[in-house]
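Summary of the model geometry
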Amino acid sequence: MTEDIVSKLQNWIDKNTYHHSEFWDLKKLVELKKKNNLTISLCLPTLNEEKTIGKELIIFRSELVERYPLIDEIAVIDSGSDDNTLEVAKNFGADTYLASDILPNLEPKRGKGENLWKAIYQLKGDIIVYVDADISNIHPRFVYGLVAPLIYREEVKYVKAFYDRPLAFSGNVRPSGGGRVTEILVRPLFSLFFPDLTAIIQPLSGEYAVRREVLEQIAFPIGYGVETSHLIDVYHKFGLEAFAQTDLDKRVHENKPTQALGKMSFGILQTFIKRAKALGVFEKAEHETLLRQFQAKRDQYEQNLIEIIEEERPPMIEIEEYRKKFKK
Amino acid sequence: MKDYSELNNQLSGLEDKLKKYREVLLANLVMIGEIPAPTGKEENRIQFILNRFDEAGLTDSSIDDAGNGIGVLSGKESEHALLLNAHADTIFDMRTDHTMQVASNEIMGPGVADNALGLAALVSLPYILEDLEIELRNDLVLLAGVKSLGRGNLEGIRFFLENNKFDIKNAICVEGIQLGRLSYSSIGMLRGEITCRVPETYDWSRFGDASAILTLNEVINKINDMRLPKRPRTSIVMGSIVGGSSFNTIARDATLGFEVRSESQEVVERAGETINDIVLEVSSKTGDQVELDIFAKRSPGGIPFAHPLTKCARSVMETLDIEPRLAPSISELSALINQNIPALTLGITVGEQTFKSNETIQIEPIYKGLAQLIGTILAVDGGYCE
Ligand SMILES: Nc1nc2c(ncn2[C@@H]2O[C@H](COP(=O)(O)OP(=O)(O)OP(=O)(O)O)[C@@H](O)[C@H]2O)c(=O)[nH]1
Ligand SMILES: [Mg+2]
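Details of the overall build of chain A
When helices and strands are counted, chain A shows 11 helices and 11 strands. The C-alpha atoms of chain A give 22 Å as radius of gyration, which agrees with the globular expectation for 328 residues (20 Å, within 12%). Expressed along its principal axes, the backbone C-alpha trace of chain A runs to roughly 85 × 45 × 35 Å. Summarising the internal contacts of chain A: among those between residues at least 6 apart in sequence, 75% fall at separations of at least 24. Taking the average place of the 45 positive charges on the side chains of chain A and the average place of its 50 negative ones, the gap between the two points comes to 2 Å.

Considering the overall build of chain B
Of regular secondary structure, chain B possesses 11 helices and 18 strands. The C-alpha atoms of chain B give a radius of gyration of 23 Å, which matches the 21 Å a tight globule of 386 residues would have. Summarising its shape, the C-alpha atoms of chain B cover approximately 80 × 45 × 35 Å along the three principal directions. In chain B, the share of contacts with a sequence separation of at least 24, taken over all contacts with a separation of at least 6, comes to 80%. Put simply, chain B shows about 17100 Å² of open surface, and 47% of that area lies on carbon and sulfur atoms. Computing the positive centroid from 36 side-chain charges and the negative centroid from 55, chain B places the two 5 Å apart.

Structural notes on the site of ligand 1
Residues and elements named next belong to chain A. Close to ligand 1 lie 13 residues, the nearest being Leu47, Glu49, Ser79, Asp134 and Lys256. Note that an oxygen atom of ligand 1 is positioned 2.9 Å from one of the backbone N or O atoms of Pro45. One nitrogen or oxygen atom from the side chain of Lys256 is found 2.7 Å from an oxygen atom belonging to ligand 1. Compared with its free state, where it exposes 600 Å², ligand 1 has 81% of that area covered by protein. Mapped by element, the contributors of at least two residues to the shell around ligand 1 are strand E2 (40-46) and helix H5 (112-122).

Quick notes on the nonpolar core
As a rule of thumb, soluble globular proteins bury nonpolar side chains together. Within the largest apolar cluster, 121 residues are counted, with the highest numbers of intra-cluster contacts made by A:Phe60, B:Leu84, B:Leu140 and B:Leu373. Sorting elements by how many residues they give to this core places helix H5 (residues 112-131) of chain B first, with 12 residues. Among residues more than four places away in sequence, those in contact with A:Phe60 are A:Leu42, A:Leu44, A:Val65, A:Ile71, A:Ile74, A:Val131, A:Ile138, A:His139, A:Pro140, A:Phe142 and A:Val143. In this structure, A:Ile102, A:Phe162, A:Leu185 and A:Leu197 belong to the second largest nonpolar core, which totals 52 residues.

Examining the sheet that holds strand E1 (residues 17-19) of chain A
Residues and elements named next belong to chain A. The strand order E1-E9-E6-E8-E5-E2-E3-E4 describes an open sheet built from eight strands, whose pairing is mixed. Bordering the open sheet on either side are E1 and strand E4 (95-98), each of which pairs with just one other strand. When strand polarity is set aside, the average angle formed by the axes of neighbouring strands in this sheet is 20 degrees. Pairing analysis gives four bridges linking strand E5 (residues 127-130) to strand E8 (residues 208-211), with the strands arranged antiparallel. Each bridged residue has a counterpart across the sheet, and for Ile128 the counterpart in E8 is Val210.

Examining the domain arrangement of chain B
All names here are of chain B. The domain architecture assigned to chain B consists of domain 1 (5-186 + 301-381) and domain 2 (188-298). Taking the mean C-alpha position of each, domain 1 and domain 2 sit 35 Å from one another. Contacts between the two partners involve 10 residues from domain 1 and, on the opposite side, 11 residues from domain 2. Buried area between domain 1 and domain 2, both sides added, is near 740 Å², and the carbon and sulfur share of it is 43%. The largest share of the area that domain 1 buries against domain 2 comes from Arg151, Asn153 and Ile330, three residues that together contribute 71% of it. Where domain 1 packs against domain 2, one counts two salt bridges.

Some remarks on a nonpolar patch on the surface
Residue and element names in this part refer to chain A. A cluster of nonpolar side chains, namely Leu269, Ile273 and Phe282, defines an oily patch on the protein surface of about 200 Å² accessible area. By the element assignment, Ile273 lies in helix H10 (residues 258-278). Among the residues examined, Ile273 registers a relative accessible area of 35% and is labelled partly exposed.

A few points about the pairing of strand E2 (residues 69-73) of chain B
Residues and elements named next belong to chain B. Most of E2 is tucked away: five of the five residues are buried. Alternating positions in E2 separate into two faces, Gly69, Gly71 and Leu73 on one and Ile70 and Val72 on the other, with burial throughout. Sheet topology note: the strand E1 (residues 62-63)/E2 ladder contains two bridges and is antiparallel. Paired with Ser62 across the bridge in E2 is Ile70.

Re the packing of H5(B) against helix H11 (residues 366-381) of chain B
Residues and elements named next belong to chain B. Put simply, H5 and H11 touch, their axes get as near as 11 Å, and they point 65 degrees apart. At the point where H5 passes H11, the crossing takes the right-handed sense. Where H5 abuts H11, its residues Leu117, Ala121, Leu125, Ile128 and Leu129 lie against Ile366, Leu370, Leu373, Ile374 and Ile377. Partitioned by chemical class, the residues of the contact of H5 with H11 number 10 nonpolar, no polar and no charged.

A closer look at the confidence of the model for chain B
Looking at chain B, the pLDDT average stands at 93 and 97% of residues meet or exceed 70. As scored by the predictor, the complex reaches a pTM of 0.89 and an ipTM of 0.86.

So, helix H3 (residues 22-33) of chain B
Residue and element names in this part refer to chain B. Taking 1.5 Å per residue as the helical rise, H3 with its 12 residues ought to reach 16 Å, and the 16 Å between its terminal C-alpha atoms agrees with that figure. Of all the 12 residues making up H3, 12 are buried; the element is thus mostly covered by neighbouring parts of the structure. All of the buried residues in H3 are Arg22, Glu23, Val24, Leu25, Leu26, Ala27, Asn28, Leu29, Val30, Met31, Ile32 and Gly33.

Some thoughts on the sheet that holds E2(B)
Residues and elements named next belong to chain B. The strand order E1-E2-E6-E3-E7-E16-E8-E15 describes an open sheet built from eight strands, whose pairing is mixed. Both edges of this open sheet fall to E1 and strand E15 (325-326), since each of them pairs with a single strand only. Its contacts with the sheet put helix H4 (residues 43-55) on E1, E2 and strand E6 (139-145), and the angle it makes with E2 is roughly 15 degrees. Strands in contact with H11 are strand E3 (81-87), E6, strand E7 (168-177) and strand E16 (343-349); relative to E16, the strand with the most contacts, it is inclined by about 155 degrees.

Describing the interface of chain B and chain A
Taken together, the contact pairs 19 residues of chain B with 19 residues of chain A. Around 1700 Å² of area is buried between chain B and chain A when both sides are counted, 52% of it from carbon and sulfur atoms. The three residues of chain B that bury the most area against chain A are B:Glu23, B:Val102 and B:Ser104, which together make up 33% of that side's buried surface. In this assembly, chain B and chain A are joined by three salt bridges.

Cut-off values and rules
Residues numbered from 1 in each chain as written. Chains lettered and ligands numbered in written order. Predicted model: local features only at pLDDT ≥ 70, side-chain atom pairs only at ≥ 80, totals over all residues. Heavy atoms only, no water. Helix = DSSP H or I, 4+ residues; strand = E, 2+ residues; numbered from the N terminus. Rg over C-alpha atoms; globule rule 2.2 N^0.38 Å. Contact = heavy atoms within 4.5 Å. Lys, Arg positive; Asp, Glu negative; His and termini not counted. Charge placed at Lys NZ, Arg CZ, Asp CG, Glu CD. Areas by Shrake-Rupley, 256 points an atom, 1.4 Å probe, with all protein chains shown as cover. Near = heavy atom within 4 Å. Polar contact = N/O pair within 3.5 Å; in protein donor to acceptor, adjacent residues only side chain to side chain. Core = buried A, V, L, I, M, F, W, Y, C linked by side-chain atoms within 4.5 Å. Buried < 20%, exposed > 50% of the residue type's maximum accessible area, 1.4 Å probe, protein only. Pairing = 2+ DSSP bridges. Axes fitted to C-alpha atoms, helices over the stretch in contact; angles between N-to-C directions. Domains from an automatic or database assignment. Buried area = accessible area lost by both parts, 1.4 Å probe. Salt bridge = Lys/Arg side-chain N within 4 Å of Asp/Glu carboxyl O. Patch = residues over 30% accessible without salt bridge, like charges linked within 9 Å, V, L, I, M, F, W, Y side chains within 5 Å. Left-handed = near helix turned anticlockwise from the far one by under 90°. Nonpolar A, V, L, I, M, F, W, Y, C, P; charged D, E, K, R; others polar. pLDDT = per-residue confidence, 0-100. Expected span 1.5 Å × (residues − 1).

If you want it as structure tokens, here you go:
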């Protein structure tokens, strides 16, 4: 059984893991997009991002609208920023929306997931690509690296970003994976209950491109659980084969303090437990004892399986010798 | 008097038309600016620029043996060539955070004005000219030159000028700021460093007066006392000073970076000799090691104010409502002057060079600056400057 999973996942990783440099030929990509009659919308969710939003827009519009017409629409959906995010965004030619103005008859909620969800209603594309607005080393690869697998392969429905930095390591093998919340919370949870999903190197990355037919079929937690829930729900409905992932190299953004990670984890746990219960995974008691981490050798990724068996001793009172000795 | 009416027709409305290229230009600016390029380590930036030339279909583009990036936009007749130059290096080291910040009206980041914007103009030009359906008669050679600043001493452009195969008739140097600058002559210049060192075998009984900083101070005082002529205009710039290591240890070394500038070559030479005498004198008096290293020189020269090229540029500026500010230059222009190529330096926009990461340029004036650049290219290409 374990062997099966290992080879299945390795197979999936080899087939569905890309590096953005494989898609450098934007001309070819745009031609195929036209031929397949696809439209693509870019959604940037924002909350107080005046420092970074302008640069993202300039670069995406220059490279992916003017030079190579890959995206048909760029929308900034804002949660009610106090700063000049919307003014800057409008100035640099984005369609700007206040999340609460979309579907105004629904009671407004606040959180990034809300904006992503409302984008499905507001934007026109067959594919929506979501990119966080707080990336300071923005580059067109953040978009074309994610939409390319959807353009080249019809069976792929959901493409997730991950960030790896081969150059930073001098050794042959480097640990590869997500941030702290991924490695401490999500990967152990997936190892236990959804081993297939451990093939996704960075389950929490905020950048992904998805087909509308999938987006309209899944629920959206409005807060920190949105990425986790997507993975579970898309996996449940469409299987692992619906996913692909692309290495976008380095992503620079502000680091969060541990306390913020605690809040994030709490949101993720709630989302997870809700789904795990609904799918009955807790009841399928036979728990996994393999933690599935990642390592990379040059440009090959492989899972690193670590057997962790938490054996237990009973309360001492149940031991006969103990009871004799202490006359209990 | 030349008849500029056809040129003026081409210029009318150009500034507005250029607004369409805001994203293309600013994206190039940001992407170029975020690639560190300290003098001598410009490869990554040059590679990016070359990719852009390739994408624009400039089939003859290449990197020469000095590391310069060269793109060629072939003209209809290709009789001779106009050189457009922007230096690729910056004063910021590899470890400086090169993030560019984009606000509504301005862009901030290390080297954004000097010279990411000049380079952005250079690499965006083929795209813009093609989109505007402007076809030139002569070849336009685009040079992103390396090793220009400081100790680089214009090595890149000098190599290019000595080794290229083009028939370059005129040249324009592009700098990010300031819009309105018009440089067509070079002044005489001499750039160097004076380093004072307390010898290893120092006699510590000389308590107190033993410090490389004190020695350098003496050198500085003597330089400051030098008598410089009012005419021809001459000045000495005390540019930088580095030395010592902490509050409570005697400074073992101290270095002054300076530049002598003058309209007269002879005055520059004489000042150089005087400084050399000062260095020898202070050295023998104090017993410290005092060394003079002169690593860059420029001779004065250039085209006259009434030269057709200058006239052309002034006419273009006037049409676009740009107030020309005449100022000599000691940068790449002087390498061109040495080769007897009539040349100008133009600025693209308004901004502030702080030599720190908060260097800033204004976005709005860029269109005017670009219109001026394209206008001057059209003027040269149209034979208005002969
Ligand atoms: N936290 C938060 N982010 C929002 C909200 N609405 C939109 N966003 C945007 O969602 C994106 C991601 O937000 P971040 O707070 O950086 O959350 P994150 O990406 O999960 O966390 P990091 O990994 O630290 O970047 C950014 O572009 C935010 O501007 C909101 O209500 N709360
Ligand atoms: Mg973020």
